[in-house]
Amino acid sequence: MPKTRQQNQNSLYLSPVITIVIISILSPLSLAAQPSKFRRAPRFVGKLPHLTEPPQRQQRQQQQQYRYETRYFEQRLDHFSFADLPTFSQRYLINTDHWVGPNRLGPIFLYCGNEGDIEWFAVNSGFVWDIAPRFGAMLVFPEHRYYGESMPYGSTEVAYQNATTLSYLTAEQALADFAVFITNLKQNLSAEASPVVLFGGSYGGMLAAWMRLKYPHIAIGALASSAPILQFEDIVPPETFYNIVSSDFKRESASCFNTIKESWGELVSVGQKENGLLELTKTFHLCRELNSTEDLADWLESAYSYLAMVDYPYPSDFMMPLPGYPIREVCKKIDNAPDATSILERIFEGVSVYYNYTGNVDCFQLDDDPHGLDGWNWQV
């Protein structure tokens, strides 16, 4: 029998915009004002600060109204060959509180797991929880392979050790996982006639849209929220992502935008001085001495990109605990610093809204990955 664990959850990710099933094509977000030295195609993943509390504890503290059971499904490692390869356990979360059952053709709402721990996405997908009672729907959150507990080869260390073991970390394999999983689930519940609707945000939204196209017999529709399904180099210019982020900051405050723009050159200039990396380490309160200015630039870039992606008008804690309109708060810190404050000191005050809004972080580690996003670098 599969293990079960009941959880309560809180917060929103998918906005309650409409209740009809659609595929929407929306643009991605990110940062533009970097010098060419640091600019590259957006990664949609960043390095997060050293947290005083683990994400699991934070999730438990958020728990309020949502409950699910945790179960596991045995998956093939490679759906597209006859090779004798090991299987792995795919974790999924399920809630049947409002499901009207197969006899009444109760729908199944499936959230396509993203590049991280599935519990993290479940606690930030309030829209599907809100509409499940109205439609008498079951909710299912299958985890994406190579993330969270759905780790082939038994451990992250082995699964991520080289290109051979990582070769099965693809969107195509993940879509096949979802297709096999939902087919098996419906058979076990005698719910073959129950319609399936796919949901997802960001990369999960891309998967939802692609799965509707790839496996139209599996699902009757998909809602893809903020899903850059056309974000490929031969379709959309890579700088588009950063241009949108830049416009977000520029719209909030031209002086804030210009300070960020000037900071890239200042970062390089300080880093090239004798003991410059040590100076930057102290300015940005890093836990370990900085090895290169590019590491710090990546960390800052990630903050700006994520701020644009989660610039909600209400407080949230999807990526980090943040106030409503966080870009506005960042720019207030940058613009309202005392006159004698240097450019980089202003930048530190600004990005601290993202990395340390609670004030609980004493120092920052540039390589922390509390949400388990590391596999995304391989996928990109």
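Residues numbered from 1 in each chain as written. Predicted model: local features only at pLDDT ≥ 70, side-chain atom pairs only at ≥ 80, totals over all residues. Heavy atoms only, no water.

- The protein chain is annotated in an unreviewed UniProt entry as Serine carboxypeptidase S28 family protein of Citrus sinensis.

## A short note on the overall build of the protein chain
So, step 1. The number of helices and strands found in the protein chain is 14 helices and six strands.
So, step 2. For the protein chain, the residues scored as buried account for 54% of the 380 residues in total.
So, step 3. A sequence separation of at least 24 residues applies to 75% of the contacts in the protein chain between residues at least 6 apart. (Helix = DSSP H or I, 4+ residues; strand = E, 2+ residues; numbered from the N terminus. Buried < 20%, exposed > 50% of the residue type's maximum accessible area, 1.4 Å probe, protein only. Contact = heavy atoms within 4.5 Å.)

## Considering the state of the cysteines
So, step 1. This structure, assessed with the given rule, holds two disulfides.
So, step 2. Bridging Cys256 to Cys331, the disulfide has an S-S length of 2.3 Å. With the S-S dihedral at roughly -70 degrees, the linkage between Cys256 and Cys331 falls on the left-handed side. In this pair, Cys256 is assigned in helix α9 (residues 254–271) and Cys331 in helix α12 (residues 326–335), connecting sequence segments 75 residues apart. Across the pair, Cys331 and Cys256 agree in class, each one buried. (Disulfide = S-S within 2.5 Å.)

## Regarding the packing of α9 against α12
So, step 1. Between α9 and α12, the shortest axis-to-axis distance is 9 Å and the interhelical angle comes to 75 degrees. Taken together, α9 and α12 sit at an angle that is classed as roughly perpendicular. Across the interface between the two elements, Ser255, Cys256, Thr259 and Ile260 of α9 pack against Cys331, Ile334 and Asp335 of α12.
So, step 2. Grouping the amino acids of the contact of α9 with α12 by side-chain chemistry returns four nonpolar, two polar and one charged. (Axes fitted to C-alpha atoms, helices over the stretch in contact; angles between N-to-C directions. Parallel < 35°, antiparallel > 145°, perpendicular 65-115°, else oblique. Nonpolar A, V, L, I, M, F, W, Y, C, P; charged D, E, K, R; others polar.)

## A short note on the pairing of strand β4 (residues 138–142)
So, step 1. Among the five residues in β4, five count as buried, and that is most of the element.
So, step 2. What you see with β4 is no split at all: Met138, Val140 and Pro142 on one side and Leu139 and Phe141 on the other are buried throughout.
So, step 3. Bridge count for strand β3 (residues 108–111) against β4 is three bridges, and the pairing is parallel. Bridged to Phe109 within β4 is Leu139. (Pairing = 2+ DSSP bridges.)

## Observations regarding the pattern of salt bridges
So, step 1. Counted by the stated rule, this structure contains eleven salt bridges.
So, step 2. Between Asp97 and Arg67 there is a salt bridge, and its shortest N-O distance comes to 2.9 Å. Of this pair, Asp97 sits in the loop between β2 (88–95) and β3 while Arg67 sits in the loop between α1 (55–62) and β1 (69–75), and the two are 30 residues apart along the sequence.
So, step 3. Residue Asp97 is classed as partly exposed on the basis of its relative accessible area, which comes to 45%.
So, step 4. The shortest N-O distance in the salt bridge between Glu119 and Arg91 comes to 3.5 Å. Note that Glu119 is positioned in helix α2 (residues 118–122) and Arg91 in strand β2, a separation of 28 residues in sequence.
So, step 5. You can call Arg91 buried: its relative accessible area is 0%. (Salt bridge = Lys/Arg side-chain N within 4 Å of Asp/Glu carboxyl O.)

## Side note on the packing of aromatic side chains
So, step 1. Summed over all chains, the structure comprises 26 aromatic pairs.
So, step 2. Taken together through their ring pairs, the aromatic side chains of Tyr66, Tyr111, Trp120, Phe121, Trp129, Phe141 and Phe318 make up a single cluster.
So, step 3. Cation over ring: Arg328 sits above Tyr325, and NZ or CZ is 4.3 Å from the ring centre. (Phe/Tyr/Trp six-rings, centres within 6.5 Å; stacked < 30°, edge-to-face > 60°. Lys NZ or Arg CZ within 6 Å of the ring centre and 35° of its normal.)

## With respect to the sheet that holds β3
So, step 1. Across the sheet, which stays open at both edges, the six strands sit in the order β1-β2-β4-β3-β5-β6 with mixed pairing between neighbours. In this open sheet, the two strands that pair with only one neighbour each are β1 and β6 (221–225). In this sheet, adjacent strand axes meet at a mean angle of 25 degrees when their direction is disregarded.
So, step 2. Helix α7 (residues 203–214) rests against β5 (196–201) and β6 of the sheet, and its axis sits at about 150 degrees to β5.

## Details of the packing of helix α8 (residues 239–252) against α9
So, step 1. Relative to each other, α8 and α9 sit at 135 degrees, their axes nearing to 5 Å. When the interaxial angle is binned, α8 and α9 end up oblique. Side by side, α8 and α9 meet where Ser246, Phe249 and Lys250 of the first sit next to Ala254, Cys256, Phe257 and Ile260 of the second.
So, step 2. By residue class, the composition of the contact of α8 with α9 is five nonpolar, one polar and one charged.

## Some points on the confidence of the model for the protein chain
So, step 1. Averaged over every residue, the pLDDT of the protein chain is 85; the share at 70 or more is 82%.
So, step 2. When the criterion is pLDDT under 50, residues 1–63 qualifies, and its contacts beyond four places in sequence or with other chains add up to 205 contacts. (pLDDT = per-residue confidence, 0-100.)

## Re the environment of Gly324
So, step 1. Examined against the element boundaries, Gly324 turns out to sit in the loop between α11 (293–309) and α12.
So, step 2. Along the backbone, Gly324 and Tyr314 are ten residues apart, and their C-alpha atoms lie at a distance of 3.9 Å.
So, step 3. Residues in contact with Gly324, not counting those within four places in the same chain, are Tyr312, Pro313, Tyr314, Pro315 and Glu329.

## Some remarks on the nonpolar core
So, step 1. One finds Phe249, Phe284 and Leu300 to be the most contacted residues of the largest nonpolar core, which totals 61 residues.
So, step 2. When residues of this core are assigned to domains, at least three fall in each of domain 1 (69–225) and domain 2 (239–371).
So, step 3. When neighbours within four sequence positions are excluded, Phe249 is seen to be in contact with Cys256, Phe257, Ile260, Tyr304, Leu307, Ile327, Val330 and Cys331.
So, step 4. Of all hydrophobic cores here, the second largest spans 45 residues; its members include Tyr168, Ala176, Ile182 and Ala219. (Core = buried A, V, L, I, M, F, W, Y, C linked by side-chain atoms within 4.5 Å. Domains from an automatic or database assignment.)

## Section: helix α3 (residues 126–135)
So, step 1. Listing the buried residues of α3 in full gives Gly126, Phe127, Val128, Trp129, Ile131 and Ala132.
So, step 2. On its buried face, α3 sits against β2, β3, α2, β4, β5 and β6.
So, step 3. Backbone geometry just downstream of α3 places Gly136 in the positive-phi region, at approximately 60 degrees.

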